[in-house]
Amino acid sequence: MDLVNRYAAALSLHPLAFEAVGEVAGEIIEQFDGERPDLVVCFASPHHVGTFEDVTGGLRKLLEPEVLVGCTAVGVAGGAVEVENGPGLSVFAARFGAGRVTGVALDAIQSADGVSISGWPDELPTNGTLLMLA
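In every chain, residue numbers begin from 1 and rise along the written sequence. Only residues with pLDDT of at least 70 get local features here, since the model is predicted, and only at 80 or more are side-chain atom pairs given and counted; chain-wide, interface and lining totals rely on the full set of residues. The basis for the side-chain values is all heavy atoms of the structure; hydrogens and waters are excluded.

Description of the packing of helix H1 (residues 17–31) against helix H2 (residues 52–63)
When two helices pack together, their arrangement is given by the angle between their axes and by how far apart the axes lie. Under this scheme, a helix contributes an axis fitted over its contacting stretch, all axes are lines through C-alpha atoms, and angles between N-to-C directions fall in the 0 to 180 degree range. Numbering of helices and strands runs from the N terminus, with a helix taken as a DSSP run of H or I at least four residues long and a strand as a DSSP run of E at least two residues long. The interhelical angle for the contact between H1 and H2, taken along N-to-C directions, is 30 degrees, at an axis separation of 10 Å. Put simply, H1 runs roughly parallel to H2. Crossing of H1 over H2 shows right-handed handedness. Counted together, Ala17, Val21, Val24, Ala25, Ile28 and Ile29 of H1 and Val55, Gly58, Leu59, Leu62 and Leu63 of H2 form the full contact between these two elements. Residues were grouped as follows: Ala, Val, Leu, Ile, Met, Phe, Trp, Tyr, Cys and Pro as nonpolar; Asp, Glu, Lys and Arg as charged; and all remaining residues, including Gly, as polar. Its residues placed into classes, the contact of H1 with H2 shows ten nonpolar, one polar and no charged. Here roughly perpendicular refers to angles of 65 to 115 degrees, roughly parallel to angles under 35, roughly antiparallel to angles over 145, and oblique to all remaining angles. By the definition used in this description, the sense in which the near helix is turned from the far one sets the handedness, with an anticlockwise turn below a right angle giving left-handed and a clockwise turn giving right-handed. In what follows, residue pairs with any heavy atoms lying within 4.5 Å of each other are defined as contacts.

Given below as structure tokens:
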């Protein structure tokens, strides 16, 4: 049983979404020696907003993570590079050894009484970490 957590990251500055996805996915696969990540987190610049569904679909197909989360942002970063005025796709991936990862999609619902959050699973782990992108 592998008890070591492993991490990888990649950044593409390619303006075409399918090229950017191929570039970052190839780097992640190489860094993980062909093993699939448990978690993939992606951040895309505004240049990829119109193709974000294709970006996440491509990452999911190529990397086959247990959980993929992502969002678009005004600026993205990877390594020592920060991208604010150009196309950028930044991807972080993790393999958790003996750990596990579960995805949860929450919804904020506005009502007369305020805001409520729905979508919590029936059972929550007693310990762990929650990574949330709003």
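Looking at the environment of Ile109
As for its placement among the helices and strands, Ile109 is situated in strand S7 (residues 107–111). Accessibility here uses a 1.4 Å probe with only protein chains present; expressed as a share of the type maximum, an area under 20% marks a residue as buried, one over 50% as exposed, and anything in between as partly exposed. On the basis of relative accessible area, Ile109 is assigned to the partly exposed category, the value being 40%. Here Ile109 is in contact with Gly114, Val115, Ser116 and Ser118, once residues within four sequence places are set aside.

Quick look at the sheet that holds strand S2 (residues 39–44)
Two strands pair if DSSP finds at least two bridges between them. Strand order in this open sheet of four strands is S1-S6-S2-S3, and the pairing throughout is mixed. Of all the strands in the sheet, just strand S1 (6–12) and strand S3 (67–72) have a single pairing partner and so form its edges. The mean inter-strand angle of the sheet, taken between neighbouring strand axes irrespective of direction, is 10 degrees. Where S1 lies against strand S6 (residues 89–95), seven bridges are found, and the strand directions are antiparallel. When the bridges of S6 are listed, Arg6 appears paired with Arg95. The sheet contacts of H1 involve S1 and S6, and relative to S1 the element is tilted by about 155 degrees. Across the sheet, H2 lies against S2, S3 and S6, angled at about 155 degrees from S3, the strand it touches most.

Regarding the nonpolar core
Only buried residues count toward a nonpolar core, which is a set of Ala, Val, Leu, Ile, Met, Phe, Trp, Tyr and Cys residues joined through side-chain atoms within 4.5 Å. If you look at the biggest cluster of nonpolar residues, it comprises 20 residues, and the most contacted ones within it are Ile28, Val55, Leu59, Leu89 and Val91. Breaking this core down by element, the ones donating at least two residues are S1, H1, S2, H2 and S6. Top contributing element to this core by residue count: H1, with six residues. When residues no more than four places from it in sequence are discounted, the contact partners of Ile28 are Ala8, Ala9, Ala10, Leu63, Val91 and Ala93.

All we've got here are geometric facts, nothing functional implied.
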